[in-house]
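Below, each chain spelled out in residue letters.
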Amino acid sequence: NAGVTQTPKFQVLKTGQSMTLQCAQDMNHNSMYWYRQDPGMGLRLIYYSASEGTTDKGEVPNGYNVSRLNKREFSLRLESAAPSQTSVYFCASSYRGQSNGYTFGSGTRLTVV
Amino acid sequence: QKEVEQNSGPLSVPEGAIASLNCTYSDRVSQSFFWYRQYSGKSPELIMSIYSNGDKEDGRFTAQLNKASQYVSLLIRDSQPSDSATYLCAVNGADSNYQLIWGAGTKLIIKP
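A short tour of the structure in this document, coming up. Only a predicted model underlies this, so the values are computations on that prediction, with no experimental measurement involved. (Residues numbered from 1 in each chain as written. Chains lettered and ligands numbered in written order. Predicted model: local features only at pLDDT ≥ 70, side-chain atom pairs only at ≥ 80, totals over all residues. Heavy atoms only, no water.)

### Some thoughts on the pattern of salt bridges
Okay, so step 1: Scanning all chains against the criterion turns up six salt bridges over all chains.
Okay, so step 2: Between D38 of chain A and R44 of chain A there is a salt bridge; the shortest N-O distance is 2.8 Å.
Okay, so step 3: On the accessibility criterion, D38 of chain A (11% relative accessible area) is buried.
Okay, so step 4: With a shortest N-O distance of 3.4 Å, R77 of chain B and E57 of chain B are connected by a salt bridge. Of this pair, R77 of chain B sits in the loop between β8 (71–76) and β9 (85–92) while E57 of chain B sits in strand β6 (residues 54–58); the two residues are 20 residues apart in sequence, bridging distant segments of the chain. (Salt bridge = Lys/Arg side-chain N within 4 Å of Asp/Glu carboxyl O. Buried < 20%, exposed > 50% of the residue type's maximum accessible area, 1.4 Å probe, protein only. Helix = DSSP H or I, 4+ residues; strand = E, 2+ residues; numbered from the N terminus.)

Structure, rendered in structure tokens:
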């Protein structure tokens, strides 16, 4: 049982480049989330998908787009990377909403130079 | 602005002692409260959830909730070096079933 799988684990981008972070879960969860974590700031929600076919903005959506490809997969795209997007990105999933807690992927460490 | 506040630490506790971690939140209507453990370089892992006032025990961990005072705490009994990690408090956003509000975490160090 793999849980939540994120790829890649590490990435270095130049300013202005684009990339897509991939996330897949095999727990039959309905809801999926993308967070970023910066030192001293805690986890901040970028986008979430309450269920297949829906996506909504979180606290810090600017500069990002998402796609809920199917029930298992939820991708995060940076169209034109900026140094301010240097962070650790976590994908998470839950059965339905936040009431049962989240399962997190192992994270992607992104550096934009 | 809804907030969750935690002391960033580090909190240093001798092995075998009780570690006490605290968290306060600003939204009075929050209903769900979580503690996550995050080892350095790893992802957060859910260790406790609590929804009602009082104590909830799970092994060496006890979560305590006081809604009137708007705080939630985590006690770790018989602390072990393996408990050294950052502990994140998360509270549900009352206006959304899908958003948690996160504290920045308390770094706990258990000294052998």
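### A look at the sheet that holds strand β1 (residues 4–7) of chain A
Residues and elements named next belong to chain A.
Okay, so step 1: As summarised here, the arrangement of the four strands in space is β1-β3-β8-β7, forming an open sheet in which the pairing is antiparallel. Every other strand in the sheet has two partners, leaving β1 and β7 (64–68) as the edge strands with one partner each. This sheet shows a mean twist of 15° between the axes of neighbouring strands, independent of strand direction. (Pairing = 2+ DSSP bridges. Axes fitted to C-alpha atoms, helices over the stretch in contact; angles between N-to-C directions.)

### Concerning the environment of G9 of chain B
Okay, so step 1: Inspection of the secondary structure puts G9 of chain B in the loop between β1 (4–5) and β2 (11–14).
Okay, so step 2: For the pair G9 of chain B and Y51 of chain B, spaced 42 residues apart in sequence, the C-alpha to C-alpha distance is 26 Å.

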